[in-house]
Amino acid sequence: MSNPQAGKQMPVGKAKPGKKKTEGAALIGIDVAKDVDFSEWYQQVLTKGDFLDYYDVSGCYILKPPSFFIWEEIQMWFNQRIKRMGVENCAFPLFVSEDVLQREKAHIEGFAAEVAWVTHAGKSPLEKRVAIRPTSETVMYPYYAKWIRSHRDLPLRLNQWNSVVRWEFKHPMPFLRTREFHWQEGHTAHLTLDDATKEVRQILEWYAGVYEELLAVPVVRGRKTEKEKFAGSLFSETVEGYIATTGRGIQAGTSHCLGQNFSKMFGITVEDPSSKEGEKKPHLNVFQNSWGLSTRTIGVMVMTHGDDRGLVVPPRVARTQVVIVPVGITAKTSDEDRASLYKQVQALEEILKDAEIRVFSDLREGYSPGWKFNDWEMRGVPLRLEFGPRDAAAHKVTTSRRDIQGDGGKGTIAITDLLKGVQDLLDTIQKDLYNRANESFTSHRKQITNWDDFAPALNSKNVCLIPHCLTEKCEDEIKEMSARKVDDGAPEDERAPSMGAKSLCIPFDQPEGLVKGETKCTNPNCTNKAEQWCMFGRSY
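Residues numbered from 1 in each chain as written. Predicted model: local features only at pLDDT ≥ 70, side-chain atom pairs only at ≥ 80, totals over all residues. Heavy atoms only, no water.

A. The arrangement of the overall build of the chain in detail. A tally of regular secondary structure across the chain gives 15 helices and 23 strands. For 540 residues, the compact-globule estimate of 2.2 N^0.38 gives 24 Å, and the C-alpha radius of gyration of the chain, at 26 Å, lies within 12% of that figure. A principal-axis box enclosing the C-alpha atoms of the chain has dimensions of 90 × 55 × 55 Å. Across the chain, every contact between residues at least 6 apart in sequence was considered, and the portion connecting residues at least 24 apart equals 69%. Accessible surface computed for the chain: about 25,100 Å², of which carbon and sulfur atoms make up 50%. (Helix = DSSP H or I, 4+ residues; strand = E, 2+ residues; numbered from the N terminus. Rg over C-alpha atoms; globule rule 2.2 N^0.38 Å. Contact = heavy atoms within 4.5 Å. Areas by Shrake-Rupley, 256 points an atom, 1.4 Å probe, with all protein chains shown as cover.)

In structure tokens:
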């Protein structure tokens, strides 16, 4: 690993006027509390934690190695699973002609304001402007029509790991709302709706696995309402996260069944396999799916686990899982004793490396152990091992967990048990991070049946499960009724308590207590009966 201090960090802006800085914060550390100024805290943990840097094009960011490593771990985990399913990776061009883009009007309408156009080559205007893909349905599907000639060509399952551009005009937010973002987009074609539906659910489960197994972030699985589903889809399924500090939901990943909408538009058909010899039946339009997961995953992880000292990275995706810091070296320490201690530190490092634990020995000169502790805590390294002359004499290492502050996170491991002790501790940290986040999310999902309780629950940083009729008009009313007027110039997170609630999903796990045909919709202005429990919340 290269020197973690190499390169100059982007200066982080001062705390906003009126926002109190954290007292006693080290000069190199996070100087704004997470629950005091969340937006400023988020920017600081990302830049000071070495996850990203700002680029000179607004809304675009540089993903530095520690954050991109997380994306690579997600890629590897997800690739293993989709390839077993028969999905193959490919690469389509990032440009799409205007004619092709406009072929599916309902679909592109959702992206129209965000499409970036190439209009010139050098100083010469292009004869026809070309769009930079906001998503690849219209890029790929003309070629699916060319390649799929028989039911024997099905299923066709392709996936791309790429970046797309959506020229957002809202307040940009690293990883969550950016003009260019990295993602994977799967596009598949099937003979039957049943086959397509099964795949939609399997992909959704793997998206949930990315969050729960890798990032230690709990999610709720569900289906989007008709209002919130992907434009042009038959239905959309989603995993929804929750940011406790702001009390807001966040769409974490979506898997869409497109039905036959796009196959009819692009002429993707096959002969009917039930046709007997000599019998002519109409060709069948294939059923299609699209599914995508982006680097938003990293932002959700940071917001969920980070604290006032910086990043907290789950061990399974941390570029550095363990850092070893030599301690007890003073000006009186002889060169021979120093060299001996460093040699023992490197021997400990090799034991862990041989077991494929990602470990780094911090032997940098000129920095005190305390400074190094703060630095690695800010970077979110899950486990710190301290090793000095006293530890050497006692044949042990001192441990410090990143996720638990103070003496509660301290411990020791005998050198003879080093490998197992470290592995067990990393597993425990991973589980504890998930359990704490899950407890928080569970306690902030409130079942509401009385409208008068809805806004107060939102204001207490909850998401709300309500009996709902699932009509678009009613959703619009709920959003309007739960909003308070706010100055549009206010920063994004300061507006959050005033924004209206939208439907996040219809959870697959439905609570009891709703009787179809009897239970009323929670909206007091709605005369419809409730169809299902629907989760509403303020959201990113």
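That covers the picture; the talk isn't over yet.
B. Geometry of empty space enclosed by the protein. A complete count under the given rule lists three cavities of 30 Å³ or more for this structure. One number sums up the size of the second largest cavity: a volume of about 60 Å³. Lining the second largest cavity we find Arg 309, Val 323, Trp 376, Glu 377, Val 381, Leu 383, Arg 384, Ser 400, Arg 401 and Arg 402. Of all elements in the fold, only α10 (369-378), β17 (383-387) and β18 (396-401) reach the threshold of two or more residues within the lining of the second largest cavity. Taken together, the residues of the lining of the second largest cavity break down into four nonpolar, one polar and five charged. (1 Å grid on protein atoms, 1.4 Å probe; cavity = no way out; pocket = protein on both sides within 12 Å on 5 of 7 lines; lining within 4 Å. Points joined across faces, edges and corners; volume = space filled by probe spheres on them. Nonpolar A, V, L, I, M, F, W, Y, C, P; charged D, E, K, R; others polar.)

C. Here's a closer look at the sheet that holds strand β5 (residues 116-121). Across the sheet, which stays open at both edges, the three strands sit in the order β4-β6-β5 with antiparallel pairing between neighbours. The outermost strands of the open sheet, each flanked by one partner alone, are β4 (95-97) and β5. Put simply, the sheet's adjacent strands are angled 50° from each other on average, direction ignored. In this structure, β5 lies alongside strand β6 (residues 124-132), joined through five bridges in antiparallel fashion. In the strand pairing of β6, Ala 116 is matched with Ile 132. (Pairing = 2+ DSSP bridges. Axes fitted to C-alpha atoms, helices over the stretch in contact; angles between N-to-C directions.)

D. Seen up close, the pairing of strand β7 (residues 156-165). Here β7 lies mainly inside the structure; nine of its 10 residues are buried. Where β7 lies against strand β8 (residues 180-190), 10 bridges are found, and the strand directions are antiparallel. Residue pairing for β8: Leu 156 is matched across the bridge by Ala 189. (Buried < 20%, exposed > 50% of the residue type's maximum accessible area, 1.4 Å probe, protein only.)

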